[in-house]
Amino acid sequence: MSKADVLLGLQWGDEGKGKIVDVLTPHYDIIARFQGGPNAGHTLEFNGIKHVLHTIPSGIFHPTAINIVGNGVVIDPVIFKKEVDALIALGVDVKSKLLIAKRAHLILPTHRLLDAASEAAKGKNKIGSTLKGIGPTYMDKTGRNGLRVGDIEAPDFKEKYSQLVEKHKQLLAFHQFEYNLSELEPTWFEAIEFLRQLTFVDSEHYLHQAMSTGKKVLAEGAQGSLLDVDFGSYPFVTSSNTICAGACNGLGIAPNRIGNVIGIFKAYCTRVGSGPFPTELNDTTGEQIRQTGREFGSTTGRARRTGWLDLPALKFAVMVNGVTELMMMKADVLSGFDKIGICTHYEVNGKLIDHLPYDISENFVKPVYTFLEGWNQDLTGMNAQNSLPKALIDYILYIEKAVGVPVSVVSVGPDRSQTIHMQH
Ligand code: GDP
Ligand code: IMO
Ligand code: MG
């Protein structure tokens, strides 16, 4: 019986998970997304193709790997159909390589409306949601009202849909939110018909069976640990468990069947949407990182907030996930800075702490930095560890020592090929 490796983001999302899943897929038989939904945007680049996936696992371009959308994922049929159509247009044989968990929940048009109504009601305290209906769909899941992929095959699917929509209409009326559902429903039901042509599975059995015959599974996370509904900067989080334990819930894999935990982090930090961000740089340095790193959302196009690497936050993420190896992304973006900042501690009530406290808002924590030497070399054409500048190696060693986990990959550009495997 093999174990499943888990790959997840250690920051506020957009660490580069999609790129790495694509790079690692040749080593796996099955890639399985375990949570989140179309709030995610996972970018892959190879042979001049740049592609953004939202719900479909990032192993889909590989010729043989099976890709599973797990029970922990929430699916918007309309977005899902668009994703499949775009892949088919690129010549990908989606239908034979993609399986959908029957237990995955469906995002209804009214979930999206409720997301918008809830954000509007919050005013300046809004979460900065991607407005894909994620929060309301997970609320219906835990509230035991949700519709699941398996329900599509039930004879009373339309009735179930209507019952849930009636509830939603009452909530929308409470919010005095204006909408035109009849404009949205036909496309949604068309997409449901399209979904029917794909293969639905009991993914927990499928995965268990596959692992018992030695098949290799990689679980792909969405968002990042600091957006986890329990351990993130609540309430400025998403509505699912993005941490490693989420792979157990989101796929039906037992905790003792988890193997390596691959933690993806950027060489700096970004955050999109509202909420605390201790190392945020609201200055020309932050702007330089944003421009060089093209830090604009893959899903919403919003400018991402940028800042230096936050070690207390990274250590926290490594702790709650049990990370066994780290992969550092976008090292190329830090070329050209005289000094690279790294937050080693927070100052809280005049005392230095090196762990992540309950409250990380700016009234409570002040980041304390060490500055390391920068480097000027362009890294994007490098493909070997021994060509990396000494200052970058020192930066990596500093992080490894602080966090206690080795960096196994350094990414120096968005393309598949711009990936350096590190020897220790
Ligand atoms: P994900 O959500 O974690 O999959 O990450 P996103 O795809 O949302 O955002 C990462 C962005 O950085 C994408 O545009 C990638 O193409 C790009 N990217 C990934 N790795 C690197 C890298 O090492 N260097 C640079 N410059 N860009 C990268
Ligand atoms: P990937 O998988 C970055 C953020 C939103 C918002 C908060 C809640 O590409 O890394 P939601 O729509 O989930 O209700 O939004 O979470 N967010 C992400 N930020 N990357 C993502 O996914 C995100 N998914 C959600 O910006 O702050
Ligand atoms: Mg993303």
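Above: the structure in question.
Since we're looking at a predicted model, the values are computed, not measured.

Student: Any details on the site of ligand 2? Residues and values, ideally.
Tutor: Around ligand 2, a shell composed of 21 residues is seen, among which Asp14, Lys17, His42, Thr130 and Thr238 lie nearest. At a separation of 3.3 Å, an oxygen atom of ligand 2 approaches a polar backbone atom of glycine 128. For ligand 2, whose unbound accessible area comes to 550 Å², protein coverage reaches 98%. Tallied by class, residues from the shell around ligand 2 come to 8 nonpolar, 10 polar and 3 charged.

Student: Break down the packing of aromatic side chains for me, citing the residues and quoting the values.
Tutor: For the coordinates displayed, the defined rule picks out 10 aromatic pairs. Relative to phenylalanine 277, the ring of tryptophan 12 lies with its centre 5.0 Å away and its plane at 50°, an arrangement referred to as tilted. Residue tryptophan 12 is found in the loop between β1 (4–9) and α1 (17–24), and its partner phenylalanine 277 is found in the loop between β12 (269–271) and α10 (284–292); the two are separated by 265 residues along the sequence. Judged by relative accessible area, tryptophan 12 falls into the buried class, the value being 3%. Taken together through their ring pairs, the aromatic side chains of Phe157, Tyr161, Trp188 and Phe189 make up a single cluster. Sitting above the plane of the phenylalanine 189 ring, lysine 158 keeps its charged end 4.9 Å from the centroid.

Student: I'd love a proper account of the packing of helix α6 (residues 157–174) against helix α7 (residues 181–196), names of residues and values included.
Tutor: Packing of α6 against α7 brings their axes to within 14 Å, and their N-to-C directions diverge by 145°. α6 and α7 meet at a crossing whose hand is right-handed. Contacts from Phe157, Lys158, Tyr161, Val165 and Lys169 in α6 reach Leu181, Glu185, Trp188, Phe189 and Ile192 in α7. When its residues are assigned to classes, the contact of α6 with α7 shows 7 nonpolar, no polar and 3 charged.

Student: Mind laying out the sheet that holds strand β2 (residues 30–33), listing which residues take part and the relevant values?
Tutor: Spatial ordering of the open sheet is given by β9-β7-β5-β2-β10-β1-β11-β15-β19-β20, a layout of 10 strands whose pairing is mixed. Pairing within the sheet leaves two strands with one partner each, and these edge strands are β9 (199–201) and β20 (419–421). The sheet shows a mean angle of 25° between the axes of neighbouring strands, taken without regard to direction. Here 5 bridges tie strand β11 (residues 258–266) to strand β15 (residues 325–329), and the two strands are oriented parallel to one another.

Student: Please provide a residue-by-residue account of the nonpolar core, values included.
Tutor: For soluble globular proteins, nonpolar side chains are generally found buried alongside one another. In this structure, Leu10, Leu326, Met328, Leu334, Leu392, Tyr395 and Ile399 are the most contacted members of the largest nonpolar core, which totals 60 residues. Phe61, Val69, Val149 and Leu198 belong to the second-largest nonpolar core, a separate cluster that totals 39 residues.

Student: Can you break down the pattern of salt bridges residue by residue, with the values?
Tutor: If charged atoms from side chains of opposite charge come close, those side chains can pair. Inspection of every chain in the model, using the stated rule, returns 19 salt bridges. As a salt-bridge pair, aspartate 156 and lysine 160 come within 4.0 Å of each other at their nearest N and O atoms. Its salt-bridge partner being lysine 169, residue glutamate 166 comes within 3.6 Å of it at the nearest N-O pair. Taken as a pair, glutamate 166 and lysine 169 lie in helix α6 at a separation of 3 residues, close to a single helical turn. Linked through salt bridges whose partners overlap, the residues forming this network are Asp14, Lys266, Glu295, Arg304 and Lys330.

Student: Outline the site of ligand 1, supporting the account with residue identities and numerical values.
Tutor: Of all residues adjacent to ligand 1, which total 20 residues, the nearest are Lys17, Thr43, Ser298, Asp332 and Ser411. Within the side chain of threonine 43, a nitrogen or oxygen atom sits 2.5 Å from an oxygen atom of ligand 1. Here a nitrogen atom of ligand 1 and a side-chain polar atom of aspartate 332 are 2.7 Å apart. Burial of ligand 1 by the protein chains amounts to 93% of its free accessible area of 590 Å². At the level of elements, α1 and β3 (42–46) are the ones that each hand at least two residues to the shell around ligand 1. Among the residues forming the shell around ligand 1, the class breakdown is 4 nonpolar, 8 polar and 8 charged.

Student: Residue-level account of the environment of aspartate 140, with values.
Tutor: For aspartate 140, the location among the structural elements is in helix α5 (residues 134–142). In this structure, aspartate 140 is in contact with His111, Asn145, Gly146, Leu164 and His168, ignoring residues within four places of it in sequence.

Reading the values: the criteria
Residues numbered from 1 in each chain as written. Chains lettered and ligands numbered in written order. Predicted model: local features only at pLDDT ≥ 70, side-chain atom pairs only at ≥ 80, totals over all residues. Heavy atoms only, no water. Near = heavy atom within 4 Å. Polar contact = N/O pair within 3.5 Å; in protein donor to acceptor, adjacent residues only side chain to side chain. Areas by Shrake-Rupley, 256 points an atom, 1.4 Å probe, with all protein chains shown as cover. Nonpolar A, V, L, I, M, F, W, Y, C, P; charged D, E, K, R; others polar. Phe/Tyr/Trp six-rings, centres within 6.5 Å; stacked < 30°, edge-to-face > 60°. Helix = DSSP H or I, 4+ residues; strand = E, 2+ residues; numbered from the N terminus. Buried < 20%, exposed > 50% of the residue type's maximum accessible area, 1.4 Å probe, protein only. Lys NZ or Arg CZ within 6 Å of the ring centre and 35° of its normal. Axes fitted to C-alpha atoms, helices over the stretch in contact; angles between N-to-C directions. Left-handed = near helix turned anticlockwise from the far one by under 90°. Contact = heavy atoms within 4.5 Å. Pairing = 2+ DSSP bridges. Core = buried A, V, L, I, M, F, W, Y, C linked by side-chain atoms within 4.5 Å. Salt bridge = Lys/Arg side-chain N within 4 Å of Asp/Glu carboxyl O.

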